[in-house]
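What follows is each chain in one-letter form.
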Amino acid sequence: MMNNLVIRSVVRGLLVNGSRGGRYISTATAATTAGVLKPTEVLTEFRSRNGASVGVLYWRRMMSTSAETAVAEKETTEKSVGKQGEKEVASLKTSDGSVISSYWGISRPKILREDGTEWPWNCFMPWETYRANTSIDLSKHHVPKTFLDKVAYRTVKLLRLPTDIFFQRRYGCRAMMLETVAAVPGMVAGMLLHLRSLRRFQQSGGWIKALLEEAENERMHLMTMVELVQPRWYERFLVLAVQGVFFNAYFVLYLLSPKLAHRITGYLEEEAIHSYTEFLKDIKNGQIENVPAPAIAIDYWRLPNDATLEDVITVIRADEAHHRDVNHFASDIHYQGKELREAPAPLGYH
Ligand SMILES: [Fe+2]
Ligand SMILES: [Fe+2]
């Protein structure tokens, strides 16, 4: 009974508002609604109200934990004809019964890997992947000379103390937690440059994209680590608190001194390289099991199918070295009294 009421009100809203020129029903709402109904009930209700199929329903698991599972998802397609022409109704069912609906019928084209198997990820596409440059110099260090550089360096060293005490040598957990912070600076800086570009009617010299790519790359580090280590409830709470503080602190800092903000990030990346080097040491000496690489990492970094955790940490560390160079470079540009857009951004590598 409750289910019927919910679906009727959703369908009514869609039909009434749709005829007025389009109301968007979010996929989240639809997913929640459909989640309490059997998929067939949803379709039946749509047809009985409209006399035609309305858009496309997708049943799929959003973030698959393994490529194999995602590929194995069952897809069925159903077609029906209404007053306004033929519309396609496609459905994907998952073992956990989760449902994602798109009433506007936007479907992702079928994408294949080079070997002909189906591309299982919605969160990134084959052309967004890359091969890490593992030959990058890992030992480079920006020697702090100016007052601001020393402030940045000391700040990062100070921040490292509580993390060392909290995590000690639990590098998997440490990496997972710190990646939730590492993805913030690129997003904040990219967002602020984006807004500046709008305000000043100016190009950014590619820096918006470069910094947002850095944020995305860091987020992929997190998506990889979370396949290996599951956060506990108090760790989730900690992430929430740290994000609230760090996002706002970095936002204000970037407004006041992008030079200092990029320098701090540069030093944070130097610390990340150090942490991942220690992580690799523990894998090599057997203290951390060298498990097979998660499927998401194999596709994102284009690793061989038999890649291991060691390979994953090696490419992640190379990414951190790249972020280190990008952020020290950005700070140096500001040190020369210039804006980032005056120097071409290092695009093309995440
Ligand atoms: Fe990272
Ligand atoms: Fe990083």
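Whatever comes next refers back to the structure up there.
Here the residue numbering is sequential within each chain, running from 1 through the sequence in written order. Here the convention is simple: chains get letters from A, ligands get numbers from 1, in the order in which they are written. Reporting in this predicted model follows two pLDDT cut-offs: at least 70 for local features of residues, and 80 or more for side-chain atom pairs to be given and counted; totals over whole chains, interfaces and linings ignore these cut-offs and use all residues. Hydrogens and water molecules were not included; the side-chain quantities draw on all heavy atoms of the structure.

A. Inspection of the pattern of salt bridges at higher detail. Note on definitions: salt bridges are taken to be side-chain nitrogens of Lys or Arg within 4 Å of carboxyl oxygens of Asp or Glu. If you walk through the whole model with that rule in mind, you get 19 salt bridges. Notably, a salt bridge pairs Arg 263 with Asp 332, separated by 2.7 Å at the nearest N-O pair. With Arg 263 in helix α9 (residues 258-284) and Asp 332 in helix α11 (residues 309-335), the pair connects residues that are 69 residues apart, well separated along the chain. Only protein chains enter the accessibility calculation, which uses a 1.4 Å probe. A residue is then buried if its area is under 20% of the maximum for its type, exposed if over 50%, and partly exposed in between. Overall, the relative accessible area of 1% leaves Arg 263 in the buried class. What emerges from the salt-bridge pattern is a single network uniting Lys 157, Arg 160, Asp 164, Arg 174 and Glu 271. For helices the rule is a DSSP run of H or I covering at least 4 residues; for strands it is a run of E covering at least 2, with both sets numbered from the N terminus onward.

B. Empty space enclosed by the protein, seen in detail. As defined here, a cavity is a set of points on a 1 Å grid over the protein atoms alone where a 1.4 Å probe fits but cannot get out. A pocket is an open set with protein on both sides within 12 Å along at least five of seven lines, and residues line them when an atom is within 4 Å of a point. Grid points are joined across faces, edges and corners, and a volume is the space filled by probe spheres set on the points. Inspection of every chain in the model, using the stated rule, returns four cavities of 30 Å³ or more. Estimates place the volume of the largest cavity at around 90 Å³. Along the walls of the largest cavity sit Leu 193, Arg 196, Ser 197, Gln 202, Gln 203, Ser 204, Trp 207, Glu 339, Leu 340 and Arg 341, which together make up its complete lining. Ranked by residue count, the leading element in the lining of the largest cavity is helix α6 (residues 171-200), at three residues. Partitioning the lining of the largest cavity into residue classes produces three nonpolar, four polar and three charged. Following the grouping adopted for this structure description, the nonpolar residues are Ala, Val, Leu, Ile, Met, Phe, Trp, Tyr, Cys and Pro, the charged ones are Asp, Glu, Lys and Arg, and the polar ones are all others, Gly among them.

C. Local environment of the coordination of the iron ion (ligand 1). Within the protein, Glu 179 (OE), Glu 179 (OE), Glu 218 (OE), His 221 (ND1) and Glu 320 (OE) serve as the donor atoms for the iron ion (ligand 1), at 1.9 to 2.3 Å. Sequence positions of the residues that donate to the iron ion (ligand 1) give the spacing E-x38-E-x2-H-x98-E. The rule for donors is simple: N, O or S, within 2.8 Å of the metal, or within 3.2 Å if the metal is Na, K or Ca. Water isn't counted, so a site may look like it is missing partners.

D. Spotlight on helix α5 (residues 147-167). What a helix is expected to span follows from its residue count: subtract one and scale by 1.5 Å. Helix length check: α5 (21 residues) gives 31 Å between terminal C-alpha atoms against 30 Å at 1.5 Å per residue, within 8%. For α5, every residue scored as buried is listed here: Asp 149, Ala 152, Val 156, Arg 160, Thr 163 and Phe 167. Down the axis, α5 shows its buried residues gathered within 75° of arc, on one side only. Exposed side of α5, more than 90 degrees from the buried face: Phe 147, Arg 154, Leu 158 and Ile 165 are the residues found there. Of the surrounding secondary structure, the elements contacted by the buried residues of α5 are α6, α9 and α11. In this description, the arc belongs to the directions extending from the helix axis to the C-beta atoms. Contact definition: two residues touch when any of their heavy atoms are within 4.5 Å.

E. The arrangement of the nonpolar core in detail. Residues enter a nonpolar core if they are buried and are Ala, Val, Leu, Ile, Met, Phe, Trp, Tyr or Cys, with the set joined through side-chain atoms within 4.5 Å. One finds Phe 279, Trp 301 and Ile 313 to be the most contacted residues of the largest nonpolar core, which totals 43 residues. Elements that contribute at least two residues to this core include exactly α6, α7 (207-228), α9, α10 (295-300) and α11. For this core, the leading source of residues is α11, giving seven residues. If you look at the next biggest cluster of nonpolar residues, it comprises 26 residues, including Ala 152, Val 184, Phe 246 and Leu 340.

F. Here's a closer look at a nonpolar patch on the surface. Each patch is built from residues lacking any salt bridge and having more than 30% relative accessible area; the joining distance is 9 Å for like charges and 5 Å for nonpolar side chains (Val, Leu, Ile, Met, Phe, Trp, Tyr). For the area figures, the Shrake-Rupley method with a 1.4 Å probe applies, and any residue is considered shielded solely by the protein chains shown. A contiguous nonpolar surface patch, about 490 Å² in accessible area, is contributed by Phe 166, Trp 233, Tyr 234, Leu 238 and Val 242. Counting residues per element, the nonpolar patch draws most heavily on helix α8 (residues 233-256), at four residues. By the secondary structure assignment, Trp 233 is in helix α8.

G. Focus on the environment of Cys 173. Mapped onto the elements of the fold, Cys 173 is located in helix α6. The exposure class of Cys 173 is buried, given its relative accessible area of 8%. C-alpha separation for the pair Cys 173 and Leu 228, spaced 55 residues apart in sequence, amounts to 9.0 Å. Every residue in contact with Cys 173, bar those within four places of it in the chain, is listed here: Phe 167, Val 229 and Glu 235.

H. Representation of the coordination of the iron ion (ligand 2) in the model. Protein-derived ligands of the iron ion (ligand 2) are Glu 218 (OE), Glu 269 (OE), Glu 269 (OE), Glu 320 (OE) and His 323 (ND1), with the metal-ligand distances lying across 1.8 to 2.7 Å. Positions of the donor residues of the iron ion (ligand 2) along the chain correspond to the pattern E-x50-E-x50-E-x2-H. A separation of 3.7 Å is found between the iron ion (ligand 2) and the iron ion (ligand 1), both of which receive a donor from Glu 218. Linking Glu 320 with His 323, this pair stays in helix α11, spanning three residues, or about one helical turn.

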